[in-house]
Amino acid sequence: MDTEEADAKFFQNHGRLFEDFSLVYPVVSRRAGGLSVGINLSPDQFCPFRCVYCQVQRQERASVADELPTSSPQTPCLDSSKIPPLNAAPSETASVSQSAYSSPFNKRYVDLDRLEQELMTLSQWIVEHRFWQMPPFDQVTQVHQRWNDFALSGDGEPTASPCFSEAVKRIVKVRQHFGLTDVKIILITSSTCLHLPQVQEGLELLREHGGEIWAKLDAGTPEYYHEMNRSRVPFERILENIQTVSQRFPVVIQTLLVNHGGDGQGKPMSGAEVEAYRECLKGLLVAGGHIRYVQLHTIARSPAESDVSAVSHEFMEHVADRVRRHTGLRGVVYR
Ligand code: SF4
């Protein structure tokens, strides 16, 4: 059995549960080629997308897309530990603006001190190699016992969190504390919020520290985008955001290909859609965007909808080839 086969169970299980942590979770990932320390800034599972293949089990799927932030939040990001409980006496709340409670962003605050503490603890365990002696990670093959990244990902859209920029600061602080210059910081994003003012500080910090942005692009036309990602955010906004950010920041495009619809038979992206998709990529390059490469994935775990299934490896290679020929971009296929 090779190392890919031996570690397949880890690649297929990206669970969020680890010790008594609530915001930080370790996963062994195929695309990372090792350990990725995930950071979940979406305890309420908020995401402006509702992808047909999503593996996050949401309670309020119908309502979350209505809450997409369109401007800066009313209040700066606060440590949740500094926000008094809602039933606190008035004197306890005097130092905190009342708008902090009326803001729709409130339920999205994460406890930044807790985040930092969890990052510190897990980093310490990994650096001391204790982590690799803890079940089930003691079963990971030697070749994948390498720490690749901190990944802002989780159960929703990280940049929709009012704490995004502050969270990036905490990650940078921990990374510097342990001298982890080889461990990248990766933002995995739907690109829905990259234009928002409150996100810019975090993006700039990422750029300063050699971070990467992995931007999702699953379609070439608005119609297929709405079929796959089921969002109220216009497709043009997604393309514009990727374009703007890629003009000052090298971006990796992440595309998930699935069979879907087709009267229950499940069809892959059509030939015309593949052409439109690669045309979008070309458009980003022509506009001065810096695209490092294109990741092509399919599902490895149970999707949101039952009429979704994995595409073949050959189909992903076909799309990678079309992208390469038309744009010169490298398409990397993940099984
Ligand atoms: S962007 Fe990610 S978290 Fe959001 S619905 Fe799609 S797969 Fe799920």
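No experiment lies behind these values; they were computed from the predicted model shown. (Residues numbered from 1 in each chain as written. Predicted model: local features only at pLDDT ≥ 70, side-chain atom pairs only at ≥ 80, totals over all residues. Heavy atoms only, no water.)

Draft legend 1. A look at helix α12 (residues 313-327). Its 15 residues place the ends of α12 21 Å apart at the C-alpha level, agreeing with the 21 Å of an ideal helix rising 1.5 Å per residue. Within the span of α12, buried status applies to Phe315, Met316, Val319, Ala320, Val323 and Thr327. Along α12, the residues classed as buried sweep out an arc of 140° about the axis, all on the same side. Exposed and oriented more than 90 degrees from the buried face of α12 are Glu314 and Arg325. Packed against the buried residues of α12 are α11 (271-286), β8 (291-297) and β10 (331-333). Note on α12: the residue one or two positions beyond its end, glycine 328, has a positive phi of about 80°. (Helix = DSSP H or I, 4+ residues; strand = E, 2+ residues; numbered from the N terminus. Expected span 1.5 Å × (residues − 1). Buried < 20%, exposed > 50% of the residue type's maximum accessible area, 1.4 Å probe, protein only. Arc of directions from axis to C-beta. Contact = heavy atoms within 4.5 Å.)

Draft legend 2. Seen up close, the nonpolar core. Of all hydrophobic cores here, the largest spans 91 residues; its most connected members are Phe131, Phe150, Ile253 and Tyr277. The biggest single contributor to this core is helix α6 (residues 112-127), with 7 residues. If we skip the residues at most four places from it in the chain, phenylalanine 150 touches Val37, Ile39, Leu119, Ser123, Ile171, Arg175, Leu180, Val183, Lys184, Ile185 and Ile186. Residues Ala151, Val252, Tyr293 and Tyr334 belong to the second largest nonpolar core, which totals 8 residues. (Core = buried A, V, L, I, M, F, W, Y, C linked by side-chain atoms within 4.5 Å.)

Draft legend 3. Fine view of the sheet that holds strand β5 (residues 212-216). A sheet is described by the order of its strands in space; here 8 strands give the open sequence β1-β2-β3-β4-β5-β6-β8-β10, paired in mixed fashion. Two strands bound the open sheet, and with one partner strand each, they are β1 (24-29) and β10. Taken pair by pair, the neighbouring strands of this sheet meet at an average axis angle of 25°, ignoring direction. Summarising the sheet, strand β3 (residues 147-152) and strand β4 (residues 184-189) pair through 4 bridges and their orientation is parallel. The residue bridging alanine 151 from the neighbouring strand is isoleucine 186, located in β4. Contacting β6 (251-256) and β8, α11 runs over the sheet at an angle of about 160° to β8. Taken strand by strand, α12 contacts β8 and β10, and its axis lies near 170° from that of β10. (Pairing = 2+ DSSP bridges. Axes fitted to C-alpha atoms, helices over the stretch in contact; angles between N-to-C directions.)

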